[in-house]
Amino acid sequence: MTAGPLTESRLPLPLLRRGKVREVYEVDPDHLLLVASDRVSAFDIVMREPIPRKGAVLTQISAFWFERLAAVAPSHYVSASTEEILDRLPALRSRADEIEGRSMLVRRTLPVPFECVVRGYLAGSAWVEYRTSGTLAGEALPGGLIESARLEPPLFSPATKAQSGHDLNVTFETMAAELGRELASRLRDASLAVYRAGRDHAAARGIIIADTKFEFGTARDGTLLLIDELMTPDSSRFWPADRYRPGGPQPSFDKQPLRDYLAALRSEGRWNGEAPPPALPDTVVEATSRRYLEGYRLITGRELGGSA
Ligand SMILES: Nc1ncnc2c1ncn2[C@@H]1O[C@H](COP(=O)(O)OP(=O)(O)OP(=O)(O)O)[C@@H](O)[C@H]1O
Ligand SMILES: [Mg+2]
């Protein structure tokens, strides 16, 4: 059995943060519960309609990577099994349908105040800067690259976590000046290793992970852990490999039905691109849900459990 779509969780635990998509709860001084709702955002606006199964897809893709890549980088991951979580937190048993599939128990850390972005393809803010000045975060890139070009080797491209608005790309030197060269180098090396492993796995299954954002944190015992979500469609650009055509923007594996619908409304002058978001037809919601489930199936080789 699977519960219906969830716009936001309200669990009887201290709520530390409500992000665009996830809620972060405190479990005890050393553990957090991350709950991915079915909210979806496009063009930086959170839609009103939840996307069925999206939260579970995000959580279970992260769990897949944390388990599979544990030897590449240690992480905060403890469990994404609802049964295991309920065994540890019996007070949530009456709320099982609210957390089913979508929650992850993790070790609490002190987050490193940089986003560790790795880019294997030239897209988004990196393409905008390159097109204007031939650089990425002020550092020169090879000439003659086209939009969505594959970058070999992939580039480590950290960003500062802006409190509001968009993150700011910074150079490795900026990061090293703030964190020390030793820690900055460890973050860069771990990020590149995890990205390469993920990119190669996904590419063999029809998904290009064009770029992705990692977060790291320091556990109480001082170990550096990979935290947050891992190579999900929300923290990465997923592109369908069979439709890859460099020289322009690529379709999104997961949000394209939603983006197409919103772009059409805008071009018809029926939405100005700002909050409040327009109402989404069921067909768009369902098509988007199917994309997320397909992404899960391709990445993990499994069907997401529970009824649709
Ligand atoms: N193990 C951990 N220890 C401490 N903090 C963590 C851990 N894992 C994740 N976090 C933090 O949890 C927060 C998740 O909230 P966030 O605002 O990113 O939610 P979101 O729904 O992904 O929203 P957004 O779309 O704005 O990113 C982040 O600030 C992240 O640093
Ligand atoms: Mg986030």
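Residues numbered from 1 in each chain as written. Chains lettered and ligands numbered in written order. Predicted model: local features only at pLDDT ≥ 70, side-chain atom pairs only at ≥ 80, totals over all residues. Heavy atoms only, no water.

Overview of the sheet that holds strand E6 (residues 77–79)
Next up, step 1: Pairing within the open sheet is antiparallel, and its five strands lie in the order E1-E2-E3-E7-E6. Pairing within the sheet leaves two strands with one partner each, and these edge strands are strand E1 (15–18) and E6. Adjacent strand axes in the sheet meet at a mean angle of 30° when their direction is disregarded.
Next up, step 2: As defined by bridge partners, E6 adjoins strand E7 (residues 103–107) across two bridges and the pair is classed as antiparallel. By the bridge assignment for E7, Tyr 77 is matched with Val 106.
Next up, step 3: Relative to E7, helix H1 (residues 54–68) is tilted by about 40°, and along the sheet it contacts strand E3 (31–36), E6 and E7. (Pairing = 2+ DSSP bridges. Helix = DSSP H or I, 4+ residues; strand = E, 2+ residues; numbered from the N terminus. Axes fitted to C-alpha atoms, helices over the stretch in contact; angles between N-to-C directions. Contact = heavy atoms within 4.5 Å.)

Here's the deal with the pattern of salt bridges
Here the idea is simple: oppositely charged side chains can pair when their charged atoms come close.
Next up, step 1: For the structure shown, the criterion picks out 29 salt bridges.
Next up, step 2: One salt bridge in this structure joins Glu 173 and Arg 181, with 2.6 Å as the shortest N-O distance.
Next up, step 3: A relative accessible area of 42% places Glu 173 in the partly exposed class.
Next up, step 4: What you see here is one network of salt bridges that share partners, running through Arg 22, Glu 115, Lys 161, Lys 213, Glu 215, Asp 228 and Glu 229. (Salt bridge = Lys/Arg side-chain N within 4 Å of Asp/Glu carboxyl O. Buried < 20%, exposed > 50% of the residue type's maximum accessible area, 1.4 Å probe, protein only.)

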